[in-house]
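Examining the three-dimensional arrangement
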Amino acid sequence: MPPNSTRPTSRDVAQAAGVSQAAVSLVLGDKWRGRVSEPTAERVREAARDLGYRPNLAARNLRLGSTRTVLLVVPALTTEFFAGVYTGAARVAADHGFGVVLYPSPEGVGPARDPFASAQAALDGVLASSMAADALTAIRGDQLPLVMLDSDPAGSLGAATVNLDIADGVRQVADHLLALGHRHFLHLAADIPSWTFAARAHALTARLATTPGTTLRTAAAPISIEGALTAAETALRTPGPRPTALVCDDDKLAAGAYKAARRLGLRIPDDLSVTGLDDLALATALDPELTTVRLDSELFGEAGMTALLAVLEGRTPAAGDIPVHLVVRGSTAPPGAP
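Named according to an unreviewed UniProt entry, the protein is LacI family DNA-binding transcriptional regulator originating from Streptomyces hintoniae.

The next point concerns the packing of aromatic side chains. Per the stated rule, a full pass over the model turns up 2 aromatic pairs. Both rings, one in F81 and one in F82, keep their centres 5.2 Å apart while their planes meet at 85°; by these two values the pair is edge-to-face. Accessibility expressed as a relative area gives 12% for F82, which makes it buried. Grouped by ring-pair contacts, the aromatic residues F81, F82 and F300 constitute a single cluster.

Attention shifts here to the nonpolar core. Of all hydrophobic cores here, the largest spans 42 residues; its most connected members are F81, L127, V147, L164, L295, F300 and M305. When residues of this core are traced back to their parent elements, those giving at least two are strand 1 (69-74), helix 5 (80-95), strand 4 (146-149), strand 5 (160-162), helix 7 (166-180), helix 8 (195-209), strand 8 (245-248) and helix 12 (297-312). When neighbours within four sequence positions are excluded, L164 is seen to be in contact with F81, D150, L295, D296, F300, D321, I322 and V324. Listed in part, the 29 residues of the second largest apolar core include A235, L236, I268 and L286.

On to the environment of H176, then. Mapped onto the elements of the fold, H176 is located in helix 7. When the C-alpha positions of H176 and A333 are compared, they lie 9.6 Å apart, and in sequence the two are 157 residues distant. Among all residues touching H176, those that are not within four sequence positions of it are T291, L326, V328 and T332. Among the polar contacts made by the side chain of H176, one reaches the side chain of T332 at a distance of 2.9 Å.

The parallel open sheet is built from 4 strands, whose spatial order is 7-6-8-9. Since the sheet does not close on itself, it has two edges, and those belong to strand 7 (215-221) and strand 9 (273-275), each with one partner. Each strand of the sheet is rotated relative to its neighbour by a mean of 20°, with strand direction disregarded.

Each value, and the rule that gives it
Residues numbered from 1 in each chain as written. Predicted model: local features only at pLDDT ≥ 70, side-chain atom pairs only at ≥ 80, totals over all residues. Heavy atoms only, no water. Phe/Tyr/Trp six-rings, centres within 6.5 Å; stacked < 30°, edge-to-face > 60°. Buried < 20%, exposed > 50% of the residue type's maximum accessible area, 1.4 Å probe, protein only. Core = buried A, V, L, I, M, F, W, Y, C linked by side-chain atoms within 4.5 Å. Helix = DSSP H or I, 4+ residues; strand = E, 2+ residues; numbered from the N terminus. Contact = heavy atoms within 4.5 Å. Polar contact = N/O pair within 3.5 Å; in protein donor to acceptor, adjacent residues only side chain to side chain. Pairing = 2+ DSSP bridges. Axes fitted to C-alpha atoms, helices over the stretch in contact; angles between N-to-C directions.

This is the structure in structure tokens:
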């Protein structure tokens, strides 16, 4: 990079790749086929990645106008929750003449390879889940107008954050179980370093601490039915007073907990009450049906896109978390006699 430049230019990319600036424009504009060889195109893309080069969107938009395209970055699509987020975001975007490109991080949670060597230049903004925050670095999405979902407002990368009121959802679960008479709890916690799961643990611990005589143990599990089965079975076999209520970070973990309970000869809810969080279709497929917290994923996506459109227009997005609601079904009941 030239010493007086704070930002790499197409000339820098051309020099690094040993090609003309016209070739750089063709490759990064995805118009190179039939005009530039594949090895040369790859050399240009590699040079752009190494330099951290991104075309000047402001200048380009002055020439061409806004592309009216935004990127939605989510973890791998392993549940219908993020599909709902996309549906809601795309609905609002379409109402305002925008398109949405969905990018599910191939590795799920964690760093991801950049599939957008040229396409990132065609984006007006990014809407991203905190669970896929590492992917933003790879695609340099944090250099665009950005709204974060499920993210710590105090440490967000984005111009705004949009959150479901997860902490209140966990408090609703705790209040429900406490009212039934439960005092010994097991938290089956998602083994993912994400703000949204840390918020769940903190809310549960804080709420139970206000009620004398409660105990809380925690078992971490990957978000998979088999992982939850193993973690829950190990925790329930641990010597000492057995928990009468098992609070799960999401519905898939709860499904694994059901299998663990049955393997140990425990009846739900007679011997063990189980709760989830999400209200996926899975919740009513379980027997007994799962008491869980309903998260309106489509409303979440709508709110996120509305906030991003406000940022793009230079307005301050509306504040306030999206309410969530406890849905009581057959998996919870008063604790059985000891």
